[in-house]
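Observations on the model geometry
Residues per chain, in single letters:
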Amino acid sequence: MTGIDRAQPITFRFDGRTVQGFAGDTVASALLRAGQRLMARSFKYHRPRGVLSLGSEEPSALVTLGQGAAQTPNQRATMVELYDGLEVFSQNAWPSLAFDVQGVNDLAAPFLGAGFYYKTFMWPRRAWFRLYEPIIRRAAGLGALSGKADRGTDEKAFSFCDLLVIGAGPAGLMAALTAARAGADVILADEGAAMGGRLLYEAEAVAGKPAAEWVAEVLEELAGWPNVRLLPRTTVTGQYDHGTFAAVERLAGPPAPDRPRECFWRIAAAQSVLATGAIERLIAFPGNDRPGVMLAGAVRGYLHRYGVQAGRRVVLFANNDDAHRTARDLAAAGAEVVAVDPRADAVAQGDYALRAGAEVVATRGRTALRRVALRDGAGRVEWLEADCLAVSGGWNPNTQLACHLGAKPVWNEVVGGFVMAPDAVSDMAFAGAVMGACSTRDALAAGIAAGAKAARALGLAPVPPDPPEAEAEAGALQLLWQVAAPGRAFVDLANDVTVKDLVLAAAEGMGAPEHAKRYTTQGMAPDQGRGSNSTALAVLADATARALADAGTTTARPPFVPVSISAMGAGGAGKGFAPVRLPPAHQAALDHGAVMIEAGPWLRASHFLRAGEAGWAEACAREVGHVRGAVGVADVSTLSRFDIQGPDAAQFLTRICTNTINSLQPGQLRYSLLLREDGHLMEDGPVARLAAEHFWLFTSSGSEPAMRRHLELAAQGYWPDLRVRIFEATEAWAQFAIAGPRARDLLAGVLDALPELAFMRAARVGMGGAEGWLLRLSYSGELGYELALPARYGDAAFRALIRAAEALGGGAYGLEAMNVLRIEKGFLTHAEIDGRATADDLGLGRMLRASGGFIGADLATRPALVAPGRKQLVGLTPVSVGATLAAGGHLFVPGAPLDPENDLGHVTSACQSPTLGHAQALALLRDGRARLGETLRLWDGLRGTDQLVKVTAPTAYDTEGGRARG
Amino acid sequence: MRLICPNCGPRDRREFSWIGAASLLDRPAPGGDFVAWLHLRDNPAGPLEELWLHEAGCGALLRASRDTRTHALAPLTLAGGAR
Amino acid sequence: MRYSGLKVLAEGLRGGAGWRPFWRKAAPAAEYDAIVIGGGGHGLATAYYLAREHGLARVAVLEKGWVGSGNVGRNTTIVRATYMMPGNQEFYSTSLKMWESLAQDLNFNLMYSPRGLLMLFHSDGQRDAFARRGNAMLIQGDDAQLLDREALRALVPYLDYDQARFPVQGALLHPRGGTVRHDAVAWAYARAADARGVDIIENCEVTGFDLADGRISGVQTTRGAIRAGRVGMAVAGRSGELAGRAGFRLPVESHVLQAFVTEGLKPFVHHVISFGMGHFYISQSDKGGLVFGGDIDFYPSYAQRGNLPMAEHVMEAAMTLMPAIGRARVLRNWGGIMDMTPDGSPIIDRSPIEGLFLNTGWNYGGFKAIPASGLAFAHLIATGAPHPIAARFRLDRFNTGALIDEEGTGATHHLH
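Fair warning: this is a prediction, and the values are worked out from it, not measured in the lab.

Cut-off values and rules
Residues numbered from 1 in each chain as written. Chains lettered and ligands numbered in written order. Predicted model: local features only at pLDDT ≥ 70, side-chain atom pairs only at ≥ 80, totals over all residues. Heavy atoms only, no water. Contact = heavy atoms within 4.5 Å. Buried area = accessible area lost by both parts, 1.4 Å probe. Salt bridge = Lys/Arg side-chain N within 4 Å of Asp/Glu carboxyl O. Polar contact = N/O pair within 3.5 Å; in protein donor to acceptor, adjacent residues only side chain to side chain. Helix = DSSP H or I, 4+ residues; strand = E, 2+ residues; numbered from the N terminus. Nonpolar A, V, L, I, M, F, W, Y, C, P; charged D, E, K, R; others polar. Expected span 1.5 Å × (residues − 1). Buried < 20%, exposed > 50% of the residue type's maximum accessible area, 1.4 Å probe, protein only. Core = buried A, V, L, I, M, F, W, Y, C linked by side-chain atoms within 4.5 Å. Patch = residues over 30% accessible without salt bridge, like charges linked within 9 Å, V, L, I, M, F, W, Y side chains within 5 Å. Areas by Shrake-Rupley, 256 points an atom, 1.4 Å probe, with all protein chains shown as cover. Lys, Arg positive; Asp, Glu negative; His and termini not counted. Charge placed at Lys NZ, Arg CZ, Asp CG, Glu CD. Phe/Tyr/Trp six-rings, centres within 6.5 Å; stacked < 30°, edge-to-face > 60°. Lys NZ or Arg CZ within 6 Å of the ring centre and 35° of its normal. Disulfide = S-S within 2.5 Å. Pairing = 2+ DSSP bridges. Axes fitted to C-alpha atoms, helices over the stretch in contact; angles between N-to-C directions.

For the rest of this paragraph, the subject is the interface of chain C and chain A. Opposite the 118 residues of chain C that make contact, chain A presents 119 residues. Interface area, chain C with chain A, both sides summed: about 9800 Å², of which 58% is carbon and sulfur. On the chain C side of the interface with chain A, the three residues burying the most area are Ile-139, Arg-165 and Arg-327 of chain C, jointly 10% of the side's total. Connecting chain C to chain A are 14 salt bridges. Of the charged contacts in the structure, one is a salt bridge between Glu-263 of chain C and Arg-76 of chain A, with a shortest N-O distance of 2.7 Å. Across the contact surface, chain C and chain A share 63 residue pairs in polar contact (both at pLDDT 80 or more). Elements represented by at least two residues in the side of chain C that touches chain A include exactly α1 (5–13), α3 (88–106), α4 (124–140), β5 (145–148), α6 (182–195), α8 (308–321), β17 (329–340) and α10 (397–400) of chain C. Here the residues of the side of chain C that touches chain A are counted per class, giving 54 nonpolar, 37 polar and 27 charged.

This is the structure in structure tokens:
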């Protein structure tokens, strides 16, 4: 019973050639059946490679799928399921897979040993970057990206369960079944397209029936439980804290626009069972990487699951009984088989020739294996014709997921691999090969035990079933890591690391596992050394005369298999990366010609373009004119608004703000400063006392997260005795600035009634029946108000305000005009409040109340914060008529050297002021207030400008402030 | 990472913001040693008393004891006491 | 032994039998002139310059694990001189100059690759902030160019100029910025220090300090007591722990920063690209892996591993900025322990204990600082006085307020 359906042929292409496979095939199985042994070129030496394995650990048969934007490099041919029209390409070969010019690297191998590049390419000094590195970069790498944006769809999901069972082989199936019957909410995940693990690849029976039949029955029962979710094609890729797992699900079939390709799962599990089995490993002997050299279990698996006979003349080279099943099954399928076993007492298990006490010492065949040399115990060498060499050096348990949180596997001599100790990871049970239960019967029993253990930990009462009848032999093994013979013996096929490389590392003092890994790159390839780590450790232990058990291991890192950036970053493409915040009158602004720009998380109107206007500068100048000459309206809803209430709210704000809020009367506003604990200015903005126990605190747009942490730490952490509640109310309100000499006229026309409102006062108002607040304040220096209405009225209100403004000869204004208006007035933004400035630096020192007691008061008096020589806010005007100014230039005394010592400061904000008729800037200047009237050099080498500027007071327009108070 | 909020139960770490070491709660009175309080840290490799804000949840400021070597974490408590 | 192309050829012909260990596996002596704790980049560089610049004959580096096991082998390999605050400017400028000839100096190919660092901006405000920074870099004598969107597009056509959440408006280009092969830095300094007689002692953890009357006279280790009147700590994220053993606290919190590498790909990303709005930066290694990282996980940790929220955030940033790498696959993800200070700048200074010196607080910028840090720390240990390039890296600056707050985020260790 194979896993393919010969009634469903599927046609795909490999390097342009049409290949036929069947439903259920992988690219590797179909290519093998079609006789295509050469599938790839190796990473460093560009050696011809075929397929080694049949799982996700495949180190050699990496291919590129698709073309154009969908081009996906480095896919394991062993994991890609066929679909009609699939395009598969070989990679890392030029001009063709069969003839690759970089194969010349292989000839130079004696000079290209581990780390050779650290010892050369150093002269002349610039040659590395100019000459050598480009050559090395082009030679390295595997597949290629298309260069086109990936617009395919992937998705992410969260899931929760009582028990996550990882791996649906015999152990995992029994663990899931045992826990499911006890009532646990179970997720069973397996990376295969079909569940069953190794059982799908073997001829042995379980419970007296073919293993695949038994698997189907168990899966049928599991699927019938409402508390079980089955996730095939899902690789659990990482274990994270507190029972969080990452997993990647591949969706089968051709790409379709309406369907994701992959789903990245975050699974929160109270308990887990790790039943990920083991993968077979190679033996390091010369020529162990030719196309046709395969793992013994893979050869068996291709036969049983895919109906593919990997060779007609097969040599088995194995040090364990388990692998002899490959010889038995291939011989039974009609192949001519010779088994080579280093154990002198090895016994044949079927109808094949056996060379006991012998080793494979060489192979031949450039793009496909042709001959194999074996050496018997007496040292005699014999050459055999062979098209397939099935190798088994034993099995490496897949313990990686257990180690992501820091647990270490331990060497088990009987298993011949590293396994997990029972309680190595909290809330995770181990079953099957990962804890050393390697026979089918032991794995089934261990699965039952692990499922029962997990169920009990969940407070359930499992009834462990009797394990089904199955093979009890784990297969005796005699460790054999490497064969002593001349020639290159590969340890890590994925990175072309040989025994000799590891021995060299040891000789150069880099024999500790982590050093050897970094120096030779063994274990750093796409398979993270799953197949090669134990062999490398054994070679190193040998070279450094240590016991393998004491040599230590390298650290397994997530992900267990490589995860595409598009899957783990699903949803992040385009605008999905961060929410776009839109003010409530966004559409109204667009309808009036607004050009929107990104302002932190918000989209805001930069300017409102009118017919005939050439661009932003013209619109901006007009809008400034509206405010200075008539009336302008602007959407300021994006300002962060905290609604603060409670009997102690005034006391709380008095400790938060540098000026006294206690004394504020209901209906009064106060411009306030907030310092950080370290005494620097954090925010400036108005505080409004709406009622005795009710305040609004305004801070800059987008500052909510930082402000909320600041306020809540103070309220809940510092002063939990204060009765105060804080509500982040930004998006509950729409707020509009109405500024200009005719602001009052405008409001009289749109409000239900216009209250008499003095500067820095607030009152309740209505507009068309909507209840809101009118605040008398100004960020433009003109007679100004801000009208706050519930957000749902924002759109209508803004339209009405713009209409009214236009009727009075004004109009809407945007961020550009707002910026000009505030620079003319010397008002601040975060270009000046840059996190390094103190209140005094910005001319606001008088706003720090002398009695202290507010956040930041104590550290604001540190010596360097009050010493002379600090950069202070000033204004700048150009000396040359008509010159422009830009932010970012640095200031020097004319004639002084352009060096950091003489760097006096920089321009923070600059504009072309239509009001003043010249460019105007703000700057932070060393001892600036003592330099008013000086002429300085403004150097902006980055933009290639160099000019003289005159230092002025920050306020360049209406210095007395009469217009705003009028 | 999953944190157990006393108000909301176990929640993903994404709902929380780390605020700082719990020593922040011992804010000096005016005139006290603010330099040491704000800057110096025990910074243990081991159990750390710390503060989290359940920002995308109930809004409570929470106190945790977490081992910085393993991230082992007991259920959190309200930093400001029951409010 | 001198490394060269000729030597590689000669050894290739005779099977590599002549290669010798990079450094001796030294056992601790009873006493040294100076001890450096920490066998990472900073510690090894310090030992090298103590021997080379100051002629100290008996110097030991004590490493609790294996050489290079900390952040020197866990970073994203970027070197740059892009600072604008007095104190940082001259220090990192010196460091970059040292990188340029360090391979020749140490006779070990460190693969310094000045491929250019691009810092993207997305708004006028950010452009102005980068203009200020770029001008500061020029004034310091380093290189910088302001690129508009079209100039940037010509260099890196594969960014998502049309749809990215924060539209890319341009970049500040630092042409001499680039990458260095990180592990090799530790090995090269270790080898060069060893050649000058420095004992590099691995698997030797400092468990305590021998102190009397406010002076240090030696250290206790897992390999016995070692005497020395001058001891320098260069242990990055472990600084707080060691300071605790010496009886004082530091302005340092240890946070985890994750990094990622993809499977090998043919050359695609030819620069170092930094995307501030997404806390994302990327380059491509010579082996072909895309190497990238993001922000810290925002909780203190010594686990050298991170969690999913930040890892996913980094991938999402990659997707919004450069969806052309969507089909690449992340192969490995790890974490390093960052020694975060309240102003984001380092400390190279005396400790409260006479004879015990501090080198800490590298936040997540320690790799590029290694040569200058070693030079400056060696100077401090040898002479007792700060090196001019590190004169502002004072421990007491939090008392005085003479901060070096490059990002202006204030005294919250984890926000830098």
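Right, let's get into helix α19 (residues 794–807) of chain A. All names here are of chain A. Taking 1.5 Å of rise per residue, 14 residues should cover 20 Å, and α19 covers 20 Å from first to last C-alpha, within 8% of that figure. Here α19 has its buried residues at Gly-794, Ala-797, Phe-798, Ala-800, Leu-801, Ile-802, Ala-804 and Ala-805. Once α19 finishes, Gly-809 follows within two positions and takes phi at roughly 85°, a positive value.

Our next topic: helix α4 (residues 170–181) of chain A. Residues and elements named next belong to chain A. Look at α4: 17 Å from first C-alpha to last across twelve residues, which is about the 16 Å you get at 1.5 Å a residue. Summarising burial for α4: eleven of the twelve residues are buried, a large majority. Pro-170, Ala-171, Gly-172, Leu-173, Met-174, Ala-175, Ala-176, Leu-177, Thr-178, Ala-179 and Ala-180 are the residues of α4 that are buried. Buried positions along α4 lie against β8 (155–166), β9 (186–189), α5 (211–224), β12 (228–231), β15 (262–274) and α9 (440–457).

Membership of the largest hydrophobic core comes to 166 residues, with the highest contact counts inside it found for Phe-12, Tyr-302 and Leu-389 of chain A together with Phe-91, Trp-99, Leu-110 and Tyr-189 of chain C. For Phe-12 of chain A, the residues in contact, after removing those within four places along its chain, are Arg-17, Thr-18, Val-19, Gly-21, Val-27, Ala-30, Leu-31, Leu-82, Tyr-83, Leu-86 and Val-88 of chain A. Counting residues in hydrophobic clusters, the runner-up holds 46 residues, among them Tyr-240 and Ala-246 of chain A together with Phe-166 and Ala-311 of chain C.

Further remarks concern a positive patch on the surface. Together, Arg-364, Arg-366, Arg-370 and Arg-371 of chain A line one region of the surface with positive charge. Looking at the secondary structure, you find Arg-366 of chain A in the loop between β21 (359–364) and β22 (371–375).

With that out of the way, let us pick up the packing of aromatic side chains. Any pair of aromatic rings gets described here by the distance separating the centres and the angle formed by the planes. All names here are of chain A. Per the stated rule, a full pass over the model turns up 45 aromatic pairs over all chains. Ring geometry for Tyr-779 versus Phe-827: centroids 5.9 Å apart, planes at 20°, classification stacked. Remark: Phe-827 occurs in the loop between α20 (815–825) and α21 (863–866) and Tyr-779 occurs in the loop between β42 (770–775) and β43 (784–790); sequence separation between them is 48 residues. Exposure remark for Tyr-779: the relative accessible area of 35% places this residue in the partly exposed category. Judged by relative accessible area, which is 26%, Phe-827 ranks as partly exposed. In this structure, Arg-655 is placed above the aromatic ring of Trp-719, and the distance from its NZ or CZ to the ring centre is 5.0 Å.

What follows is about the state of the cysteines. Within this structure, the stated rule accounts for zero disulfides over all chains. The cysteine Cys-438 of chain A is free of any disulfide, with Cys-403 of chain A supplying the nearest cysteine sulfur at 16 Å. Exposure remark for Cys-438 of chain A: the relative accessible area of 38% places this residue in the partly exposed category. Free cysteine Cys-5 of chain B: the closest other cysteine sulfur is in Cys-58 of chain B, separated by 3.7 Å.

One key point about sheets: their strands pair by backbone hydrogen bonds, in either a parallel or an antiparallel sense. Residues and elements named next belong to chain A. Pairing is antiparallel across the open sheet formed by five strands, whose spatial order is β36-β37-β38-β35-β39. Only two strands of the sheet have a single neighbouring strand rather than two, namely β36 (668–675) and β39 (725–728). Strand-to-strand twist across the sheet, computed as the mean angle between neighbouring axes with direction ignored, equals 25°.

Residue and element names in this part refer to chain A. Position of Arg-822 relative to the elements: it lies in helix α20. Assessed through its relative accessible area of 2%, Arg-822 is described here as buried. Those residues in contact with Arg-822 that sit more than four places away from it in its chain are Tyr-779, Phe-827, Leu-828, Thr-829, Glu-832, Ser-909 and Leu-922.

Any functional reading would require information that these geometric values do not contain.
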